[in-house]
Structures are given as C-alpha cells and as structure tokens.
Amino acid sequence: MSDCIFCKIVDGKIPSAKVYEDDEILAFKDISPARPVHVLVIPKRHITSLATVTPEDAPFLGRMLTVANQIATEQGSPDGFRVIINTGRVGQQEVPHLHIHIVGGPDPVGPMLKRI
Ligand code: AMP
Ligand code: ZN
C-alpha cells in the first residue's frame, strides 16, 4: 500500500525506532508514547485491521502475540503489560495497517485506557 504510513516504515521510507524485526514482523516505538513502554508490533505485509484477517492468518497472529511478550520483557515491562488492537471506526483505529500496541513499564498502567 503506497500511501500507508506503516508500509512506508517497513520500506524504510519513514524512520522509526525499531526494537524488533524478523522476516514477517516489525516492532518500533510509538511516536507518541502513552506509557514508559509503548511499542507497536506490525505485520510487514499490509493487513488493514483485525477485521480483515482470515482463518489462515491465525498462526501468524499467534506469533505476533508471542513476539509482543518477548518485546515487552526486553523493553522494560517484565512484570506484565497490556496489549491493545484498535480496530476500525468503532475501535477508533487511526492507522489502517494492523498493529498491536504494547503498553507498560515499571508501574501498573492504570484502568482501561480511554484512548492511546
Ligand atoms: P491507532 O489509533 O491504534 O491506529 O494508533 C496509531 C498509533 O500510531 C498512535 O499511537 C500513533 O502515536 C502511532 N504513530 C503514528 N505515526 C507513527 C510513526 N511515524 N512512528 C511511530 N508511531 C506512530
Ligand atoms: Zn500498510
């Protein structure tokens, strides 16, 4: 997707603070962190949202969560964290490229976040 900001990050056309990369997954720090640890985990191929995945994507989605756990620990949230996947209009998803927010840090993140 040529006009997708996260595809541009994958392609290196927009800089990012990368914290993890493999052949299918990229993770980088959120540009506007809501907590001391705030990382976005994305598929390198364009998937618009969780609402557009298919049953064939299930193993890949599971791997994204496994990577999220690894990143949270490495980035300074070893005692737990929260994952959020804003989806579509009702989920107030702003960037239409699937991404998992990892939010955490040394202290509890508080009640369910209204908006991150
Ligand atoms: P969402 O509302 O779930 O679509 O969240 C999009 C997230 O992407 C927000 O938390 C933004 O701060 C973050 N974001 C937008 N542009 C960038 C960027 N260039 N680098 C890192 N994070 C970004
Ligand atoms: Zn994209």
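Preceding this section is the structure that the text describes.
Keep in mind it's a predicted model, so treat the numbers as computed, not measured. (Residues numbered from 1 in each chain as written. Chains lettered and ligands numbered in written order. Predicted model: local features only at pLDDT ≥ 70, side-chain atom pairs only at ≥ 80, totals over all residues. Heavy atoms only, no water.)

Here we come to the pairing of strand 2 (residues 25-29). Summarising burial for strand 2: 4 of the 5 residues are buried, a large majority. Bridge count between strand 1 (residues 18-21) and strand 2: 3 bridges; the pairing is antiparallel. Bridge assignment links K18 to a residue of strand 2, and that residue is F28. Linking strand 1 to strand 2, which pair antiparallel, is a turn of 3 residues. Two elements, strand 2 and strand 3 (residues 37-43), share 5 bridges in a ladder whose sense is antiparallel. When the bridges of strand 3 are listed, A27 appears paired with V41. (Buried < 20%, exposed > 50% of the residue type's maximum accessible area, 1.4 Å probe, protein only. Helix = DSSP H or I, 4+ residues; strand = E, 2+ residues; numbered from the N terminus. Pairing = 2+ DSSP bridges.)

With distances of 2.1 to 2.3 Å, the protein atoms coordinating the zinc ion (ligand 2) are C4 (SG), C7 (SG), H46 (ND1) and H97 (ND1). In primary-sequence terms, the residues that donate to the zinc ion (ligand 2) follow C-x2-C-x38-H-x50-H. With C4 in the segment before helix 1 (5-10) and H97 in the loop between strand 4 (81-84) and strand 5 (100-104), this pair connects stretches of sequence that are 93 residues apart. For C4, a relative accessible area of 5% corresponds to the buried category. (Donors = N, O, S within 2.8 Å, 3.2 Å for Na, K, Ca; no water.)

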